[in-house]
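As a plain string of letters, each chain reads:
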Amino acid sequence: MLIIKQAARLQQYLQQQAERGLISGFVPTMGALHQGHISLIAEARKQAGITVCSIFVNPTQFNDPSDFDKYPKTIEQDVLLLEKAGTDILFLPSVEEVYPTGLTNLEHYELGYLETILEGKFRPGHFQGVCQVMFRLLSLVKPDLLFMGQKDFQQCMVVKKLLEIMQSSTQLIPAPTVREESGLAMSSRNMRLSAEAKDAATTISQALKEIKANLGQQPVATLKSNAVATLEKAGFTVDYVEIANADNLELTENWDGKAPLVALVAAFIGGVRLIDNMIVTN
Ligand code: AMP
């Protein structure tokens, strides 16, 4: 695996590979890698001739500075995992390399409705930061295929919109959420959970499964309030439990029995904010 820290060097190298006709697959990450990330690398390797992973903890997408400071960093282990997974290139830039003109006066993206709900509502500015970094990474890597996790359901929709804004030919490939045996969605943030909090955190996937099991039998409002009660009983402080159309994320109050639905949760336990979601229609 080639580790590249400079944007210009990455661009030059990938240009040469593109000239050889290799299809490129890109997996952007913030490190502290786990099997969820590695599943994206595995998918990229299946579909692309050259697999590029980036590790960059993007300062502009953290609306809470202490969350940025506490973000786990396990770079040595990450390098080993990526090598073992057969990654071709690891892009490991500094903040200056990604944002050469600094972190102020950055561009604004018109994300419309998508930015007013769920993560957009509870983390003001978060998706602007996601777009600012993804614009830079995509402009550098110019991948044919971009692999991202459905674990961050709304993020996938935001990046799809960014690709449209950029008039990019990159194809976004969403990949399913990898879970622990307990049902807990793998996340870099899980490293910050105490054993007790990690145990309690399995309640999120249980609450999502409960919504799925009772959909169509109970009103949407009841499904949501029951899930909130289940989470609070387990010790969570809940930001939201919502049920939305899986195609456009429009929040649903009354299900017509047909629309594809996704249930989404964001909640804090032990000072750590976790998100998860599940498609609840068949
Ligand atoms: P992050 O490092 O958290 O920014 O995540 C990098 C990529 O990995 C994003 O596309 C995430 O959606 C994806 N990802 C994170 N956790 C999981 C998971 N448990 N299963 C699948 N993909 C994931």
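Calculation criteria
- Residues numbered from 1 in each chain as written.
- Predicted model: local features only at pLDDT ≥ 70, side-chain atom pairs only at ≥ 80, totals over all residues.
- Heavy atoms only, no water.
- Helix = DSSP H or I, 4+ residues; strand = E, 2+ residues; numbered from the N terminus.
- Rg over C-alpha atoms; globule rule 2.2 N^0.38 Å.
- Buried < 20%, exposed > 50% of the residue type's maximum accessible area, 1.4 Å probe, protein only.
- Contact = heavy atoms within 4.5 Å.
- Areas by Shrake-Rupley, 256 points an atom, 1.4 Å probe, with all protein chains shown as cover.
- Lys, Arg positive; Asp, Glu negative; His and termini not counted.
- Charge placed at Lys NZ, Arg CZ, Asp CG, Glu CD.
- Pairing = 2+ DSSP bridges.
- Axes fitted to C-alpha atoms, helices over the stretch in contact; angles between N-to-C directions.
- Expected span 1.5 Å × (residues − 1).
- Parallel < 35°, antiparallel > 145°, perpendicular 65-115°, else oblique.
- Nonpolar A, V, L, I, M, F, W, Y, C, P; charged D, E, K, R; others polar.
- Core = buried A, V, L, I, M, F, W, Y, C linked by side-chain atoms within 4.5 Å.
- Domains from an automatic or database assignment.

**Quick word on the overall build of the chain**
Then, in step 1: When helices and strands are tallied, the chain shows 11 helices and nine strands.
Then, in step 2: A compact globule built from 282 residues should have a C-alpha radius of gyration of about 19 Å, and the chain, at 19 Å, falls within 12% of that.
Then, in step 3: When each of the 282 residues of the chain is scored for burial, the buried share is 52%.
Then, in step 4: When contacts within the chain are restricted to residue pairs at least 6 apart in sequence, long-range pairs at least 24 apart make up 72% of them.
Then, in step 5: A total accessible area of about 13400 Å² is found for the chain, and carbon and sulfur atoms account for 50% of it.
Then, in step 6: Across the chain, 25 positive and 31 negative side-chain charges occur, with their mean positions spaced 3 Å apart.

**Comments concerning the environment of threonine 222**
Then, in step 1: With respect to the helices and strands, the residue threonine 222 is situated in helix α11 (residues 220–233).
Then, in step 2: Distance from threonine 222 to leucine 80, taken between C-alpha atoms, is 46 Å for residues 142 residues apart in sequence.

**Description of the sheet that holds strand β2 (residues 24–29)**
Then, in step 1: Taken in spatial order, the six strands line up as β1-β4-β3-β2-β5-β6 in an open sheet, and their pairing is parallel. For this open sheet the edge positions go to β1 (2–4) and β6 (171–175), each flanked by a neighbour on one side alone. Adjacent strand axes in the sheet meet at a mean angle of 25 degrees when their direction is disregarded.
Then, in step 2: Note that β1 and strand β4 (residues 89–91) share three bridges and pair parallel. Residue pairing across strands places isoleucine 3 opposite leucine 90, the latter belonging to β4.
Then, in step 3: Sheet strands in contact with helix α8 (residues 153–165) are β5 (145–149) and β6, and its direction is about 155 degrees off that of β5.

**Some details on helix α7 (residues 126–141)**
Then, in step 1: Over its 16 residues, α7 extends 22 Å from the first C-alpha to the last, a length consistent with the 22 Å expected when each residue adds 1.5 Å.
Then, in step 2: Of all 16 residues making up α7, 14 are buried, and the element is well covered by its neighbours.
Then, in step 3: A positive backbone phi angle near 45 degrees is found at lysine 142, which sits one or two residues after α7.

**Notes on the sheet that holds strand β8 (residues 261–269)**
What links the strands of a sheet is backbone hydrogen bonding, and the strands pair in either a parallel or an antiparallel sense.
Then, in step 1: The three strands lie next to each other as β7-β8-β9, forming an open sheet whose pairing is antiparallel. Looking along the sheet, the strands with just one partner apiece sit at the ends: β7 (237–245) and β9 (272–279). Averaged over all pairs of adjacent strands, the angle between their axes in this sheet comes to 10 degrees, without regard to strand direction.
Then, in step 2: Of the strand pairs in this sheet, β8 and β9 are connected by eight bridges, and their pairing is antiparallel. Bridging across to β9, alanine 266 finds its partner in isoleucine 275.
Then, in step 3: Lying over the sheet, α11 contacts β7 and β8, oriented at roughly 150 degrees with respect to β7.

**Concerning the packing of helix α1 (residues 7–19) against α7**
Then, in step 1: Relative orientation of the contacting elements α1 and α7 amounts to 40 degrees, with a least axis distance of 8 Å. Comparing the axis directions of α1 and α7 gives the class oblique. Across from Ala7, Leu10, Gln11 and Leu14 in α1, the residues of α7 making contact are Ser139, Leu140 and Val141.
Then, in step 2: For the contact of α1 with α7, the per-class residue count stands at five nonpolar, two polar and no charged.

**A word on the nonpolar core**
Within soluble globular proteins, side chains that are nonpolar generally end up buried alongside one another.
Then, in step 1: Ranked by internal contacts, the top residues of the largest apolar core, which has 44 residues, are Met134, Leu146, Leu249 and Leu264.
Then, in step 2: Of all elements in the fold, only α1, β3 (50–55), β4, α7, β5, α8, β7 and β8 reach the threshold of two or more residues within this core.
Then, in step 3: With nine residues, α7 is the single largest residue contributor to this core.
Then, in step 4: Three or more residues apiece are contributed to this core by two domains, here domain 1 (2–175) and domain 2 (188–275).
Then, in step 5: With residues near it in sequence (within four places) discarded, leucine 249 still touches Tyr113, Leu114, Ile117, Leu118, Phe153, Gln154, Met157, Ala244, Val262 and Leu264.
Then, in step 6: Ala201, Ile211, Leu231 and Ile243 belong to the second largest nonpolar core, which has 28 residues in total.

That is the geometry; function is a separate question.
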